[in-house]
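# Understanding the architecture of this molecule
Take a look at the letters that make up each chain.
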Amino acid sequence: MAKASPGFNLDKITAPLLVVGEGPFSLLYMWVPYAGLRYLKKPVDVIMLNTDEHVLRNPAARMASQGGSVDWFRFWLKGEEDPDPAKAEQYARWRELQKVKDENANNLPTSHANSN
């Protein structure tokens, strides 16, 4: 059972992960994988939305969730950043995570480093 448990396999994760919590209880549930990945020096970031809804109806929460995910994927998959000054802090964090990802890739055996 432990071999299949995500919590016991965090060391195998190489892709950057964005953890999104819909309010404090949801974020608490996701804290273990987030903290584990941070401890292992994996590229991971966390966002807590100010809602307890699983299906987001509030336009501001929906925009934060979906817009944040789009920014995340554009950054990691295309190397693009939104020039909006309000997002400068998130991109500064993500550039630091990119350094961590690059360091991890340099420390992997060749067969793993090329599979990302």
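Treat the numbers as computed from the prediction; the structure is a model and nothing was measured. (Residues numbered from 1 in each chain as written. Predicted model: local features only at pLDDT ≥ 70, side-chain atom pairs only at ≥ 80, totals over all residues. Heavy atoms only, no water.)

### Some points on the overall build of the protein chain
As a reminder of what qualifies: Comment: elements are numbered from the N terminus, with helices defined as DSSP H or I runs of at least four residues and strands as E runs of at least two. The rule is simple: take the accessible area with a 1.4 Å probe, protein chains only, and divide by the maximum for that residue type; under 20% is buried, over 50% is exposed, in between is partly exposed. Contacts were defined at the residue level, with two residues in contact if any of their heavy atoms lie within 4.5 Å. Exposure was quantified through the Shrake-Rupley algorithm and a 1.4 Å probe, taking into account, for residues, occlusion by the shown protein chains and nothing else.
On a plain count of helices and strands, the protein chain comes out with four helices and two strands. Element order for the protein chain, N to C, with α for helix and β for strand: β-α-β-α-α-α. When burial is assessed residue by residue, the protein chain has 28% of its 116 residues classed as buried. By sequence separation, contacts in the protein chain at least 24 residues apart represent 58% of the contacts at least 6 residues apart. Working note: accessible area of the protein chain is about 8,200 Å², and carbon and sulfur atoms make up 59% of it.

### What about the pattern of salt bridges?
Basically, it comes down to this: Take a side-chain nitrogen of Lys or Arg and a carboxyl oxygen of Asp or Glu: if they are within 4 Å of each other, that pair is a salt bridge.
All chains considered together, the criterion is met by nine salt bridges. Notably, a salt bridge pairs D11 with K12, separated by 3.9 Å at the nearest N-O pair. The partner of K87 in a salt bridge is D71, with the nearest N and O atoms 3.0 Å apart. With K87 in the loop between α2 (59–78) and α3 (88–107) and D71 in helix α2, this pair connects stretches of sequence that are 16 residues apart.

### Considering the layout of surface pockets
What counts here: Cavities and pockets were defined on a 1 Å grid built from protein atoms only: a cavity is a group of points that admits a 1.4 Å probe but offers it no way out, a pocket is an open group of points flanked by protein on both sides within 12 Å along at least five of seven lines, and a lining residue is one with an atom within 4 Å of any such point. Grid points are joined across faces, edges and corners, and a volume is the space filled by probe spheres set on the points. Throughout, the ten residues Ala, Val, Leu, Ile, Met, Phe, Trp, Tyr, Cys and Pro are labelled nonpolar, Asp, Glu, Lys and Arg are labelled charged, and all others, Gly among them, are labelled polar.
Of the volumes computed, that of the largest pocket is approximately 170 Å³. Together, I47, L49, M63, A64, G67, G68, D71, A86, K87, E89, Q90 and R93 line the largest pocket. Residue assignment for the lining of the largest pocket shows that the elements contributing at least two residues are β2 (44–49), α2 and α3. Sort the elements by how many residues they give to the lining of the largest pocket and α2 lands first, with five residues. Taken together, the residues that form the lining of the largest pocket break down as five nonpolar, three polar and four charged.

### Side note on the side chain of D71
Classification of D71 by relative accessible area gives buried; the value is 5%. Look past the residues within four positions of D71 in its chain and what remains in contact with it is D82, K87, Q90, Y91 and W94.

### Some points on the packing of aromatic side chains
Rules: Working definition: a ring pair exists when centres of Phe, Tyr or Trp rings (six-membered ring for Trp) sit within 6.5 Å. Plane angles under 30 degrees give stacked, over 60 give edge-to-face, the rest tilted.
Going through the model one piece at a time under the given rule, you end up with seven aromatic pairs. Aromatic pair W31 and Y34: ring centres 5.0 Å apart, planes at 50 degrees, arrangement tilted. Here the residue W31 and the residue Y34 both occupy positions in helix α1 (residues 24–39), the gap between them amounting to three residues, near one helical turn. Here a set of aromatic residues connected by ring pairs shows up, and it is made of W72, F75, W76, Y91 and W94.

### Thoughts on unusual backbone geometry
Most peptide bonds take the trans form, and the phi angle of most residues other than glycine is negative. For K41, which is not glycine, the phi dihedral falls at a positive 60 degrees. Within the secondary structure layout, K41 lies in the loop between α1 and β2. Take K41: its relative accessible area is 58%, and that puts it in the exposed class.

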